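Breakdown of the fold
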Amino acid sequence: MTRPSLGSTMRLVRPAPNVIGFYDGRLDGVRIWSEEPNWLDDGAYTLGICTYAIVDGSQALVYDTHISLPHARLVRRTLEEMGVTSIRVVLSHWHDDHIAGNEVFHDCEIIANRLTASALERGRAEIEGGNPPIRPLVLPNRIFDNNLHLTVGAIPVELRQVEIHSHDGTVLLMPDAGLLLAGDTLEDSITYVSEPERLAEHLIDLERMAGWRFDRILPNHGSCETIAAGGYDRSLIAATQAYVRKLLACRQEPDLAKQDLRTFGADMFASTAVEYFAPYEAVHRQNVEAVLAAKG
């Protein structure tokens, strides 16, 4: 099987004024790195991944640096061809598919919360030696705690630290646009459980997020068509909460743990908050196994 070159299948979408999405993956039967298991295909490309840039005039804020150096170069070249001369980067969290392009922005301000910076430092050897490797790993050079207010041109932006999906999440709120760039805190079809022992804490922060004021959500993993059309509505939060609660219930209900995703998530899919996407069956199986293994 021939594989497309890295970045060659990326699509540009414009989900909101001043926001560009760089979407790749979710192409039936296509893998871009290897037929063997690897984080790039299995954790990102097969599921679909979108990173974002907020642009106003000559300034841009890039939210995650994508899944490879060629992807990141395309992001940077696109922005520079638009007349951008000042680029800053925000990292949503420490996982490979969000930081793989950092080297392309080594001369820019790379912003992360303190927990993300620490996780990258601790995980450097594993990240640089992974499949595929991210070498050298370029670390953030501006650190914040809890919240950080920025402006991109005339556009106000607020970074908020949350513990959802990972212990070190940073989401990006555009208050004037009523828009939340959610990283991996929200995902369509289902959340990818990476820290199963912390799911109860994730539910607390999902409830906190539900109290914020915004109308639309742009996740890093989701449907290209939905993202291009302006993103998801707030029901994505409730769908994520329902899925996490049901995962936790698997510890007391063995029959529930045996269900495939289509059955397990039938109520969520019927609500149209999220769509069933077959590659998430493997994610669901992994989620259930992780939650059961973390019991106690």
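Scroll up a little and you will see the structure.
Since the structure is predicted, the reported quantities are computational estimates derived from the model, not experimental observations.

Moving on, we get to the overall build of the protein. Of the regular secondary structure elements, the protein holds 12 helices and 12 strands. The C-alpha radius of gyration of the protein comes to 18 Å, within 12% of the 19 Å expected for a compact globule of 296 residues. Taking contacts inside the protein between residues at least 6 apart in sequence as the whole, the part at least 24 apart equals 67%. Here the protein has roughly 12200 Å² of accessible surface; of this, 50% comes from carbon and sulfur atoms. Taking the average place of the 27 positive charges on the side chains of the protein and the average place of its 41 negative ones, the gap between the two points comes to 2 Å.

A cis geometry characterises the amide bond from Asn131 onward to Pro132, with omega recorded as -5°. Cis geometry marks the peptide bond from Arg135 to Pro136, where omega comes out at 0°. Within the secondary structure layout, Pro136 lies in the loop between helix 5 (124–128) and strand 7 (142–144). Its identity is not glycine, yet Asn18 carries a phi of approximately 70°, on the positive side. Along the polypeptide, Asn18 turns up in the loop between strand 1 (11–16) and strand 2 (19–24). You will see that Asp64, though not glycine, has its phi angle at about 80°, which is positive. Relative to the helices and strands, Asp64 resides in the loop between strand 4 (59–63) and helix 2 (69–81).

Our next topic: the packing of aromatic side chains. Given two aromatic rings, one states the distance between the centres and the angle between the planes to describe the pair. Applying the stated criterion across every chain, the model contains 3 aromatic pairs. Taking 5.5 Å as the distance between ring centres and 75° as the angle between the ring planes, the aromatic pair formed by Tyr243 and Phe264 counts as edge-to-face. In this pair, Tyr243 sits in helix 8 (residues 235–249) while Phe264 sits in helix 10 (residues 261–264), placing the two residues 21 residues apart along the sequence. Taken as a pair, Tyr243 and Phe264 share a single burial class, namely buried. Consider the rings of Phe269 and Tyr276, whose centres lie 5.6 Å apart with planes at 80°: the pair is edge-to-face. We classify Phe269 as buried; its relative accessible area is 15%. The ring of Trp212 carries the charged tip of Arg160 above its face, separated from the ring centre by 4.6 Å. Here the basic side chain of Arg234 rests over the ring of Phe214, its NZ or CZ set 4.6 Å away from the ring centre.

Turning our eyes to something else, we now look at the layout of surface pockets. If a probe the size of a water molecule is rolled over the atoms, the empty space left behind becomes visible. In this structure, the largest pocket occupies an estimated 510 Å³ of space. Around the largest pocket, the lining is made up of 22 residues, and of these Trp39, His95, Asp96, Asp97 and Tyr192 lie nearest the centre. Of all the elements in the fold, those that place two or more residues in the lining of the largest pocket are helix 1 (39–45), helix 3 (96–99) and helix 5. For the lining of the largest pocket, the leading source of residues is helix 1, giving 3 residues. Grouping the constituent residues of the lining of the largest pocket by class yields 6 nonpolar, 10 polar and 6 charged.

Procedures and definitions
- Residues numbered from 1 in each chain as written.
- Predicted model: local features only at pLDDT ≥ 70, side-chain atom pairs only at ≥ 80, totals over all residues.
- Heavy atoms only, no water.
- Helix = DSSP H or I, 4+ residues; strand = E, 2+ residues; numbered from the N terminus.
- Rg over C-alpha atoms; globule rule 2.2 N^0.38 Å.
- Contact = heavy atoms within 4.5 Å.
- Areas by Shrake-Rupley, 256 points an atom, 1.4 Å probe, with all protein chains shown as cover.
- Lys, Arg positive; Asp, Glu negative; His and termini not counted.
- Charge placed at Lys NZ, Arg CZ, Asp CG, Glu CD.
- Phe/Tyr/Trp six-rings, centres within 6.5 Å; stacked < 30°, edge-to-face > 60°.
- Buried < 20%, exposed > 50% of the residue type's maximum accessible area, 1.4 Å probe, protein only.
- Lys NZ or Arg CZ within 6 Å of the ring centre and 35° of its normal.
- 1 Å grid on protein atoms, 1.4 Å probe; cavity = no way out; pocket = protein on both sides within 12 Å on 5 of 7 lines; lining within 4 Å.
- Points joined across faces, edges and corners; volume = space filled by probe spheres on them.
- Nonpolar A, V, L, I, M, F, W, Y, C, P; charged D, E, K, R; others polar.

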